[in-house]
Amino acid sequence: MSPPSASCPRCGAPRVDGPECPACGVIYLRAEVRAATRQAEAREHEAREAARREAEDQRQALHEALEAHAAPTFVPPLVAAYPTPDSATEGITFHDDEVGSEDALEARLRLAVLPVALVIAFLAVRSPGLHGMLRIFLTMPVHELGHAVTAWFCGFSATPTFWVTHVSRDRSTFMTLLLAGLSGALVWQGWKRRRWTWLGVGAGLLVAQAVCTFGLTHAQAKALTFFGGDAGLMVLGALLMATFYVPWGHYLRRHQLRWGFVAIGAAAFMDGFEQWWAARTDVDRIPFGRIEGVGLSDPSTLVDVYGWNISRVIHWNVTVGVVCLLALGALYLRGLWTARAALRG
């Protein structure tokens, strides 16, 4: 207990000799005990409050850490670069005063870029010398990637290189589960973020994988893998060209990467499509034969090994090219529709 004070603990009057305060009549010793008890209770209350605040801070920190670890770690293609909902817009939003000139430029680009890119790519693949350079440096990697992607969807392990794609002899359970997990993660991200396009794409990829992996026999899947070279060349080329229409604020747009993708995509698409379109009337355009260090070419493998006839090879390649061209046309018209106000201006 603290030593007695010089005043009454209750009323503050000067303390006198004796057991009681003459002003308020309280017994000094009892008042001092009560005062000491209140001080101890106050200190205890402050200690409890400090402990409660510290525990609350710890719980908040633990909650934030759990949320960070519970968040999905998979980021689908192009999702990490996608703008936030506040900055993202659907198509082009034109403002008369603030960004009118930039919107008008984008509208003119939407009017011209895809047709010009396809025309230039067509002229390039029709030039023998330039076509060889394009195939070596641009289109052959896309062609091999088409083989690999097709093999993955059929359940095989595949490693694309610059001139050849190494595909496993048998289907791989690991590759099947890995691709299904990636597509499932895209579906989950679409559901969680209410991005219905992502959800639809992920569901479509899961269906395509199920059909190619469990609906095709081993021989049919192998044949589809060889067919996926030129078919993938056109499909992936169309997808690369479609990146020109990424929305405002997208990483590909901020860093001008879409221009390179459009150039590569146009060259890849036209390299495959021009050849097979011409093969409708000129079978000699089909690259039959044997490639040194690789083996039979893709058309020769389909015809000689898997029993496809030439008409079937031409028909399916032309069909893939026409479908890709129609999809690009629909995307092109949609881009012009969203930019119609600036085009009129």
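On a predicted model such as this, the values are computed, not experimentally measured, just so you know.

Let's shift gears to unusual backbone geometry. You will see that Arg194, though not glycine, has its phi angle at about 60°, which is positive. As for its position among the elements, Arg194 is in the loop between α4 (173–193) and α5 (196–214). The residue Gln256 is not glycine, and still its phi comes out positive at about 60°. Here Gln256 shows up in the loop between α7 (251–254) and α8 (257–278).

Right, let's get into the nonpolar core. Judged by nonpolar contacts, the single largest core of 32 residues is most densely connected at Leu114, Phe269 and Trp276. Looking at this core, the elements with two or more residues in it are α2 (100–126), α6 (218–242), α8 and α10 (310–338). Sorting elements by how many residues they give to this core places α10 first, with eight residues. Beyond its immediate sequence surroundings of up to four residues, Leu114 is in contact with Met241, Phe244, Tyr245, Leu328 and Tyr332. Within the second largest apolar cluster, seven residues are counted, among which are Ala148, Ala151, Cys212 and Ala221.

Turning our eyes to something else, we now look at the confidence of the model for the chain. For the chain, the mean per-residue pLDDT works out to 84, and 85% of the residues sit at or above 70. Element-level pLDDT for the chain is lowest in helix α11 (residues 340–344), with a mean of 76, against a maximum mean of 95 in α6. Note that residues 85–99 has pLDDT below 50 and, in this model, 24 contacts with residues that lie over four places away or in other chains.

Among the surface-exposed residues, Leu130, Met133, Ile136, Phe137, Phe162 and Trp163 lie close enough to one another that they form a single nonpolar patch of about 620 Å² accessible area. Relative to the assigned elements, Trp163 resides in the loop between β1 (156–160) and β2 (165–171). The exposure class of Trp163 is partly exposed, given its relative accessible area of 45%.

On inspection of all chains with the given rule, the structure shows eight aromatic pairs. Summarising the aromatic geometry, the rings of Phe162 and Trp163 are spaced 5.7 Å apart at their centres and angled 70° between planes, so their arrangement reads as edge-to-face. Grouping aromatic residues by their ring pairs yields a cluster made of Phe244, Tyr245 and Trp259. Seen from the ring of Phe156, Lys222 lies directly overhead, with NZ or CZ sitting 4.7 Å from the centre. Positioned above the aromatic ring of Trp248, the side-chain terminus of Arg253 is 3.9 Å from the ring centre.

We now examine α10. With 29 residues, α10 extends 43 Å between its outermost C-alpha atoms, agreeing within 8% with the 42 Å of an ideal straight helix rising 1.5 Å per residue. Taken together, the buried positions of α10 are Val313, Ile314, Asn317, Val318, Val320, Gly321, Cys324, Leu328, Tyr332, Gly335, Leu336 and Thr338.

What follows is about the environment of Ser7. Mapped onto the elements, Ser7 comes out in the segment before α1 (28–70). Given a relative accessible area of 28%, Ser7 falls into the partly exposed group. Separated by 14 residues in the primary sequence, Ser7 and Cys21 place their C-alpha atoms 9.3 Å from one another.

To continue, consider α4. Look at α4: 30 Å from first C-alpha to last across 21 residues, which is about the 30 Å you get at 1.5 Å a residue. Along α4, the positions that sit buried rather than exposed are Met175, Thr176, Leu179, Ser183, Ala185, Leu186, Gln189 and Gly190. Here the buried face of α4 lies against α3 (128–153), β1 and α5. Arg194 sits one or two residues past α4 and shows a positive phi near 60°.

Moving on, we come to the pattern of salt bridges. According to the stated counting rule, one finds nine salt bridges in the structure shown. One salt bridge connects Glu106 with Arg258, and the closest N-O pair in it is separated by 3.0 Å. With a gap of 152 residues between them, Glu106 in helix α2 and Arg258 in helix α8 connect regions that are remote in the sequence. Neither residue differs from the other here; Glu106 and Arg258 are each classed as buried.

As defined by bridge partners, β1 adjoins β2 across four bridges and the pair is classed as antiparallel. Across the sheet, the residue bridging to Thr159 is His166, located in β2. The hairpin formed by β1 and β2 contains four residues between the paired strands.

Conventions we followed
- Residues numbered from 1 in each chain as written.
- Predicted model: local features only at pLDDT ≥ 70, side-chain atom pairs only at ≥ 80, totals over all residues.
- Heavy atoms only, no water.
- Helix = DSSP H or I, 4+ residues; strand = E, 2+ residues; numbered from the N terminus.
- Core = buried A, V, L, I, M, F, W, Y, C linked by side-chain atoms within 4.5 Å.
- Buried < 20%, exposed > 50% of the residue type's maximum accessible area, 1.4 Å probe, protein only.
- Contact = heavy atoms within 4.5 Å.
- pLDDT = per-residue confidence, 0-100.
- Patch = residues over 30% accessible without salt bridge, like charges linked within 9 Å, V, L, I, M, F, W, Y side chains within 5 Å.
- Areas by Shrake-Rupley, 256 points an atom, 1.4 Å probe, with all protein chains shown as cover.
- Salt bridge = Lys/Arg side-chain N within 4 Å of Asp/Glu carboxyl O.
- Phe/Tyr/Trp six-rings, centres within 6.5 Å; stacked < 30°, edge-to-face > 60°.
- Lys NZ or Arg CZ within 6 Å of the ring centre and 35° of its normal.
- Expected span 1.5 Å × (residues − 1).
- Pairing = 2+ DSSP bridges.

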